[in-house]
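# Summary of structural features
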Amino acid sequence: MISTLYIEEAVREHPRSREICARFPHARQILCAHYGELFNRKAQHFRLQKQGPALILARKQQRFLLPAPPQYGIGGSHNYYFSHMLNCLYDCRYCFLQGMYRSANYVLFVNYEDFQQAIHAQARDLADADPYFYSGYDCDSLALDPVTRFCGEFLPLFKKLPHCRIELRTKSTQIRALLHMEPLPNCIVAFSLTPETIRRKLEHGVPSVARRLDAMEKLYRRGWQLGLRFDPLIYQQGFEHDYQALFAMIFARIPATTLHSVSLGGFRMPEKFFRTLGRLYPDEAFLAGPFVAQKGMVAYRQELETRMMDFCSAQLLSYIPHDKFFPCSNAST
Amino acid sequence: MIHLVVAIPCEARPLLRHFDLRAIPDSGPFRVYENEQFRLIVSGVGKLAAAAATAYLQGRSPGKGDCGWMNIGTAGHAERPVGSGLLAHCIRDAGSGLNWYPPLLLETTAPTATVITVEQPETGYPGTAAYDMEAAGFAAMASRCATSELVHSYKVISDNHREPIIQVNKGMVEELIKAQLENIEQLLLQLANLTAQMNALQTPPPALAALLDRWHFTTCESYRLEHLLRRWQLLSGNNNPCPELEKLPGGREVLSWLQMQIDHHLAASTP
């Protein structure tokens, strides 16, 4: 799967680097001084690189923890995200990462201890609050877990920080580590979902909805709290039927009582990223869809977004109570 | 089109014969050879010459599409056997310390290595890198001409600790390159494939040229035309709007028509 490993000299001897290198004994190993020498430089092409992404092992130097974008929370008043990894195993045509990065290589920051220190410090400062920490903003939290050992390394920290919550956001079925752990009451395993027809068209490499439902069922039976993320909502003709069927399929297997939260939001993306996507995928019909650009963001036309949000909200609220429902606030619900 | 940059005629000769490349008459300060698929330039020794030749070849290339770029030549290495080939996974300019990392999308049985470009032949071969005199100049220039996935350097080892550079001569270099032609060709085929993929992304939508010929568009309008035409074609599944447009008097009306059609399709698909 990974045929090339780039390794920053500073983390060459880091135990995590050594473990990952041992996992890919046939991968060529190339040393570099700083990942920025090869990640996201000019004259790189995301679509070509996606044919064979390399894994870059690096050290994150600063800004381990960042405030989450406002109005994207799931109930907490203090929201932070951290990115132990940049880029995603999957290839979703609507994903902002394709517009944000020029490189499709995966960057893994192996100095987890620095992230953990930053989380610990923030948690200490907010001892009387209920801070939320999100891990799946610039990557899929679980998709590469067998390689990154992210769950095994980070969840024990949150066991010691019961007033904090961590959200793992994923489209994957890589739950083995979670199944081997004691469930944490302050961990939310949040699955991003779209109807199966949309997955087939736009989410290349992502496991089927059915396989993810299997994973979700195993997790809730084991005692893990789940989250559902219908974000972005993707329009297609007959979306009502597709999303209705998706919700019915989910709630037939996952009891609403086991859910921590359900969120949804319409597709939106910075205009600059959207233009980049258009250049990368000029043959992609999705990108020719009913979008408008406004104030630097591209989104569905307001009336269409409102229609989708209203419909999906009503459907979801027939399954879950209002206090578990978190629509993205730029919608009209 | 794939551009090949080699330093000296004896490195070029096996490639000229193998790919049946013909000299371009009056090719200016550099000897340039080509066929329908490849264009080869003999740069002369050193990174400045390599950069200049790369820029010269780019300047001679008509059209907007990206070209693939491959620097082929010889290098010294402490241990690797003379005659073995390697693909550069890092190209370092010893003078400036600058590095280029060609994304490795090409599959090869040859090993990969760092290639360090030096001003004078390196006879101590420190470390595990190969040493040449052109790759950094080539990479610095070629990565301005094409996306870095299309810029590569392949080196054949000509000298090492056991077989020093003093033994290297023109005939030997020619034989060394000749013996690596199979590997080189395999890489060039893959490079041609990547280049074709890249150019397919930049291909203007069908019918654009006909519309630009038929009506006048300002530069700004022609960009808008391309955008609208592509979007209309994706939405309608129709590649040729020309019959509908024949009766329109000017470019602005064409743009309005396309916008109207797009709005119509979107309205129909979002009832």
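Here is what the cut-offs are and how they apply
- Residues numbered from 1 in each chain as written.
- Chains lettered and ligands numbered in written order.
- Predicted model: local features only at pLDDT ≥ 70, side-chain atom pairs only at ≥ 80, totals over all residues.
- Domains from an automatic or database assignment.
- Core = buried A, V, L, I, M, F, W, Y, C linked by C-beta atoms within 7 Å.
- Buried ≥ 20, exposed ≤ 12 C-beta atoms within 10 Å, placed from the backbone.
- Helix = DSSP H or I, 4+ residues; strand = E, 2+ residues; numbered from the N terminus.
- pLDDT = per-residue confidence, 0-100.
- Contact = placed C-beta atoms within 7 Å.
- Expected span 1.5 Å × (residues − 1).
- Arc of directions from axis to C-beta.
- Pairing = 2+ DSSP bridges.

### Quick look at the domain arrangement of chain B
Per the domain assignment, the segments making up chain B are domain 1 (2-202) and domain 2 (208-269). If you average the C-alpha positions of domain 1 of chain B and of domain 2 of chain B, the two centres end up 44 Å apart.

### Overview of the nonpolar core
Soluble globular proteins tend to bury their nonpolar side chains together. Within the largest apolar cluster, 158 residues are counted, with the highest numbers of intra-cluster contacts made by Ile56 and Val107 of chain A. For this core, the element with the highest residue contribution is helix α3 (residues 135-145) of chain B, accounting for 7 residues.

### Brief notes about the confidence of the model for chain B
Of the residues in chain B, 100% have a pLDDT of 70 or more, and the chain-wide mean is 94. Across the interfaces of the predicted complex, the ipTM metric reaches 0.92, alongside a pTM of 0.94.

### Topic: the environment of Ala207 of chain B
Residues and elements named next belong to chain B. Residue placement: Ala207 occurs in the loop between α5 (181-202) and α6 (208-214). Take Ala207: there are 18 C-beta atoms within 10 Å of it, and that puts it in the partly exposed class. Taking C-alpha positions, Ala207 is 13 Å from Leu258, a pair spaced 51 residues apart along the chain. The contacts of Ala207, once residues within four sequence positions are left out, are Leu229, Asn239, Asn240, Pro241 and Cys242.

### A word on helix α9 (residues 251-269) of chain B
Residues and elements named next belong to chain B. Here α9 is 19 residues long and its end C-alpha atoms lie 27 Å apart, about the 27 Å a rise of 1.5 Å per residue gives. Where α9 is concerned, the buried positions are Val254, Leu255 and Leu258. Viewed end-on, α9 has its buried residues packed into an arc of 100°, placing them on one side of the element. Exposed residues lying more than 90 degrees from the buried face of α9 are Met260, Asp263, Ala267 and Ala268. On its buried face, α9 is in contact with α6, α7 (219-236) and α8 (242-245).

### Some details on the sheet that holds strand β3 (residues 55-58) of chain A
One key point about sheets: their strands pair by backbone hydrogen bonds, in either a parallel or an antiparallel sense. Residues and elements named next belong to chain A. The strand order across the open sheet formed by 5 strands is β2-β1-β3-β8-β6, and the pairing between neighbours is mixed. With one partner strand each, in any of the chains shown, β2 (28-32) and β6 (85-86) form the two edges of the open sheet. As defined by bridge partners, β6 adjoins strand β8 (residues 106-109) across 2 bridges and the pair is classed as antiparallel. Bridge pairing in β8 links Leu86 to Val107.

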